[in-house]
Amino acid sequence: MPDHHTVSVQETLRYFSVDPDKGLDEPEIRRRRKRHGRNRLAKTERVSPWKILAEQFRSLVIAILAVAAAASFTMGEIVQMAAILAAIMINAAIGFVTEWKAVRSMESLRDLGTVKARVTRNATSMTVDSEDLVPGDVLLLDAGDVVTADLRLIEANGLTCNEAPLTGESVPVTKTTDPVRAGVPLAERTSMSFKGTTVTGGTGAGVVVATGMQTELGGIARMTSDASEEVTPLEKRLNRLARKLVAVTLIVAAAVAILGWMGGKDLVSMLETAVALAVAAVPEGLPIVATVALARGMWRMAKRNALVERLAAVETLGSTSVIFTDKTGTLTQNRMRVAGLALAGSAEDVPWDKDARPEEPSAQVRRLLEVVALCNNAEIADKTGGDPSGKTGEQQSPEPPGGSGDPMEIALLHAAADIGLGRHYLLEEYPEEREESFDADTKMMATFHKAVTGYRVAVKGAPEAVLDAAKRIVDEDGKAGALSEDEREKWVARVESLAAEGFRVLAVAERHVESPDSDPYAELVFLGLVSLADPPRSDAADAIEQCRRACIRVIMVTGDQPVTATAIARRVGLAKEPRAMVGTDLPQTDGETGVIAHEDLRGHDVFARVSPAQKLDLIRLWQETGAVVAMTGDGVNDAPALKKADVGIAMGQRGTDVAREAADIVLKDDAFPTIVAAIQQGRTIFENIRRFIIYLLSGNLGQVLAVGFCALTGTPLPLLPLQILYINLVLDVFPALALGVGESPAGIMDRRPRDPTEPVLTRRHWIATALWGGLIAASAVAVFLVALEKELGQDAAVTIGFLTFALARLWHVFNMRDAGTGVIRNEIVRNRWVWYAIALCLLLTGAAVWLPGLSAILSVVHLDRLGWLLVLGGSLAPLVVGQVALSLMNTMAATRNEG
């Protein structure tokens, strides 16, 4: 019997064999607990830190270095082996720190259930641990309670529940005991109350129909656990790059060693050469620089209110091509406000924006707002200065304070307080004698207040209900006359028009009676309508326009009503005429692919009333088309989708712990523009990563070419393995770091998102890397051969080769500017971190020459004047040639544009 919401109360009681007045007895409770288990969510196995650490050593790059270390040990090069092992440990430590993210979502889900519950058992009301609940228990509900199991309601007295964490519904849901039709979304199952939600008003009782992992919350927990985290585009690209580097390294090292040995050279010396080539080819500084560049981006994003949980998610945002965004609080202000009043006797609405509402409200406005303030159970901080007349009251601030109670009732109290009508002082004039709570059948609420003569009855409710009950209507002078059928139909049309614009509409009425026992809804005098809305954030439209320029598709996914969602989508510029689809109308999954067909959903801008499973389907759908998907969310129901998306973005202010811990990024201000700023930072990060990879690889390639050339030609090697490690791990890292933390280039948000299949380095980038590497190698080998020719000695020649490589790669950082920029005015010269890196590396290079212990380890000797001139000339040559080539490219591009 899975569809408990579709059957009557009596059928539910019969199915669970329970008397609501007596509840279950102890023997039956024990039997059911043995069958169904305890009412708690399944535990998830935490990922062991040791497992994470072990994963760091499964990299192909680490494998190459490990082989090189083993070979060094075999040849007795202990210092060299220690240096290589140090590089391995540094890389492993960085990977461990950045990836040690324990899966805590399930822990937070369990926390939602660790509360007490009030039940009827053995004909007695008692409090028990929520984990002790079993199907068939009769659970009693009161305002403020957390619902601890899925219930079929058997009693509802003005019962309302906040189901936003589970369904995304932005306002409390009114509950009834009446069954609803099969197939309705979770948010519309008004005869049910669900585990993890809270009671906001009224009282009720329900039969437990599901516990633990069988609840709706349990189903979401299972999906969260099952949803696989996607490998980010950056991780995919770096993995592909590493495989290419390993393949090239093995081929080159093996080829050089074999050819040299076949040419008659000593096998041991050829193995040493192979180790040198392996060390030269592997960019040991790449993980360090990539991590620091991402961390720098993370720091910048934190300054813009975006906290990053997973470093690689920073770059992934730069690849984002589709954003699934929530509505409430992300595109809107997450604060229900009165938008306008439609007064009986007036054809025009009275706007209630702080800049547009009347300075001197009419008697009719005051009368209507008095009624909504009296017929109200919410509370707010007093803003009226103690004068119910409003003459000395303070006007509403731009950001009014919140309150406690139903969001719509809080908004009504704020609107009344805007003109000095504080409820506390109104109740001094009109003391409350009786309340007729909101009822799902009447769809109205009424309060009786003692007046000078008789009682004043304040009524508010659903427009159709109030209009049906109203017999009279006030005119523009405030006098009551008969409400004709034509007038009633005009007001119904007015209600429909406001609803179509996305407003929530309440009708207001009153009457005067002699006794508090009178029927509150007979002979009502209709006063008018109040339209309420959660207005869009002022900066949302500009942010969406930025996304449009950046070719990023923004799609609203919300638990709210489609009419409301579509109205907000239109107001923030999501589309001129947004197309919406309700979750129940989503096409069925395709039998072959297991997901819904993309063609059926193309062109839709809004998805309303979607379930957690449907959110997963939508994300998977766009991912299978090649899109990189970012998903925002705040509720328990969003956790599986946040984990499945390429980038999960949780709300920090209103988000649940479950959502925050399933996400990669948490927004402190819950604002959509913060996402756009993060995307800009992500694009910048990738550009910087690409730049410093070219910088690192071109230098490494220069080393490989130089060592390989000398090995094959029988010339002594211009670089020793330890010197290569010193350049790669010490000298290269700092300029690369400086490149990695550069600022955003102009126009970066006017480009299309990168194709997620595009490698870190395209063919054009590989060609550039090869040319730069060849230029550096040619210059260094040239001065090395000159040193040998001048008979400066092999040790001095190797020192010249080492220093030439070190300084050439240092000046080479200026060759990383864009071809379209000037020699002096470019992003590299403006980057202060580049200058700091150059100064530090010059000191470290000097230490390698003049610090006795270090120079001995690196086999560096003192040079004469000729040696230093060779170092200076050989190191500057790649810079000069590179700047000339970049300037020529800029000139040629300008000529083509003019043509």
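Residues numbered from 1 in each chain as written. Predicted model: local features only at pLDDT ≥ 70, side-chain atom pairs only at ≥ 80, totals over all residues. Heavy atoms only, no water.

Let's talk about the overall build of the protein chain
Okay, step 1: Within the protein chain one finds 31 helices and 26 strands.
Okay, step 2: Within the protein chain, buried positions represent 55% of all 899 residues.
Okay, step 3: In the protein chain, of all internal contacts separated by at least 6 residues, the share reaching a separation of at least 24 is 73%. (Helix = DSSP H or I, 4+ residues; strand = E, 2+ residues; numbered from the N terminus. Buried < 20%, exposed > 50% of the residue type's maximum accessible area, 1.4 Å probe, protein only. Contact = heavy atoms within 4.5 Å.)

Things to note about the confidence of the model for the protein chain
Close inspection of predicted coordinates is inappropriate in any region flagged by low pLDDT.
Okay, step 1: Model confidence for the protein chain is summarised by a mean pLDDT of 84, while 87% of its residues fall at 70 or above.
Okay, step 2: Within the protein chain, helix 6 (residues 105-111) has the poorest average pLDDT of any element, 40, and strand 16 (residues 455-461) the best, 97.
Okay, step 3: Contacts for the low-pLDDT stretch residues 101-113, under 50 throughout, to residues beyond four places or in other chains number 38 contacts.
Okay, step 4: Confidence drops under a pLDDT of 50 for residues 385-401, and excluding neighbours within four residues, the segment shows 34 contacts in the predicted structure. (pLDDT = per-residue confidence, 0-100.)

Description of the pairing of strand 21 (residues 553-558)
Okay, step 1: The buried count for strand 21 comes to 5 of 6 residues, which makes it a mostly enclosed element.
Okay, step 2: Sheet topology places strand 21 next to strand 23 (residues 606-608); 3 bridges connect them, and they run parallel. Among the inter-strand pairings, Met 556 is bridged to a residue of strand 23, identified as Val 606. (Pairing = 2+ DSSP bridges.)

Structural notes on the layout of surface pockets
Okay, step 1: Approximately 1,500 Å³ is the volume found for the second largest pocket.
Okay, step 2: Partitioned by chemical class, the residues of the lining of the second largest pocket number 16 nonpolar, 15 polar and 10 charged. (1 Å grid on protein atoms, 1.4 Å probe; cavity = no way out; pocket = protein on both sides within 12 Å on 5 of 7 lines; lining within 4 Å. Points joined across faces, edges and corners; volume = space filled by probe spheres on them. Nonpolar A, V, L, I, M, F, W, Y, C, P; charged D, E, K, R; others polar.)

Describing the pairing of strand 17 (residues 470-474)
Okay, step 1: Sheet topology places strand 17 next to strand 20 (residues 524-533); 3 bridges connect them, and they run parallel. In the sheet register, Arg 472 faces strand 20, and the bridge partner there is Val 525.
Okay, step 2: Two strands pair when backbone bridges link them, and strand 17 and strand 18 (residues 480-482) are joined in this way by 3 bridges, in the antiparallel orientation. Among the inter-strand pairings, Val 474 is bridged to a residue of strand 18, identified as Ala 480.
Okay, step 3: What sits between strand 17 and strand 18 in their antiparallel hairpin is a turn of 5 residues, with Gly 478 showing a positive phi close to 85°.

A short note on the packing of aromatic side chains
Okay, step 1: Per the stated rule, a full pass over the model turns up 7 aromatic pairs.
Okay, step 2: Ring centres of Trp 491 and Phe 526 lie 5.0 Å apart, and the angle between their planes is 75°; this geometry places the pair in the edge-to-face category. Note that Trp 491 is positioned in helix 17 (residues 485-500) and Phe 526 in strand 20, a separation of 35 residues in sequence. Of the two residues examined, Trp 491 and Phe 526, each falls in the buried class.
Okay, step 3: Between Trp 833 and Tyr 836, the aromatic rings sit 5.5 Å apart at their centres with planes inclined by 85°, giving edge-to-face as the arrangement. (Phe/Tyr/Trp six-rings, centres within 6.5 Å; stacked < 30°, edge-to-face > 60°.)

Here's the deal with the packing of helix 23 (residues 672-713) against helix 24 (residues 721-731)
Okay, step 1: Contact pair helix 23 / helix 24: the axes reach a minimum separation of 11 Å and the direction vectors enclose 170°. With respect to helix 24, the axis of helix 23 lies roughly antiparallel. Across from Asn 700, Gln 703 and Val 707 in helix 23, the residues of helix 24 making contact are Ile 724, Ile 727 and Asn 728.
Okay, step 2: Of the residues that constitute the contact of helix 23 with helix 24, the class distribution is 3 nonpolar, 3 polar and no charged. (Axes fitted to C-alpha atoms, helices over the stretch in contact; angles between N-to-C directions. Parallel < 35°, antiparallel > 145°, perpendicular 65-115°, else oblique.)

Section: the environment of Phe 194
Okay, step 1: By the secondary structure assignment, Phe 194 is in the loop between strand 6 (192-193) and strand 7 (198-210).
Okay, step 2: The buried category is assigned to Phe 194, whose relative accessible area is 1%.
Okay, step 3: Distance from Phe 194 to Ala 149, taken between C-alpha atoms, is 6.1 Å for residues 45 residues apart in sequence.
Okay, step 4: Discounting chain neighbours no more than four positions away, the residues touching Phe 194 are Val 147, Ala 149, Asp 150, Glu 163, Leu 166, Leu 186, Arg 189 and Glu 216.

As for the nonpolar core
Okay, step 1: With 122 residues, the main nonpolar core has Ile 649, Ile 665, Phe 672, Phe 692 and Phe 802 as its most contacted residues.
Okay, step 2: Met 336, Ala 342, Trp 352 and Val 459 belong to the second largest nonpolar core, which has 66 residues in total. (Core = buried A, V, L, I, M, F, W, Y, C linked by side-chain atoms within 4.5 Å.)

Thoughts on helix 25 (residues 733-740)
Okay, step 1: With respect to burial, helix 25 is a largely interior element, 7 of its 8 residues being buried.
Okay, step 2: Of all the residues in helix 25, the buried ones are Val 733, Pro 735, Ala 736, Leu 737, Ala 738, Leu 739 and Gly 740.

Digging into the sheet that holds strand 22 (residues 580-582)
Okay, step 1: Read across the open sheet, the 8 strands follow the order 8-26-25-24-9-21-23-22; overall the sheet is mixed. The strands lining the two open edges of the sheet, one partner per strand, are strand 8 (306-308) and strand 22. Adjacent strand axes in the sheet meet at a mean angle of 20°, parallel and antiparallel pairs treated alike.
Okay, step 2: Sheet topology places strand 22 next to strand 23; 3 bridges connect them, and they run parallel. Pairing of Val 582 across the sheet is with Ala 608, part of strand 23.
Okay, step 3: Against the sheet, helix 19 (residues 562-571) engages strand 21, strand 22 and strand 23, with an angle of about 150° to strand 21.
Okay, step 4: Of the strands in this sheet, strand 8, strand 9 (322-325), strand 21, strand 24 (629-633), strand 25 (647-651) and strand 26 (665-667) are in contact with helix 23, which crosses strand 9 at around 155°.

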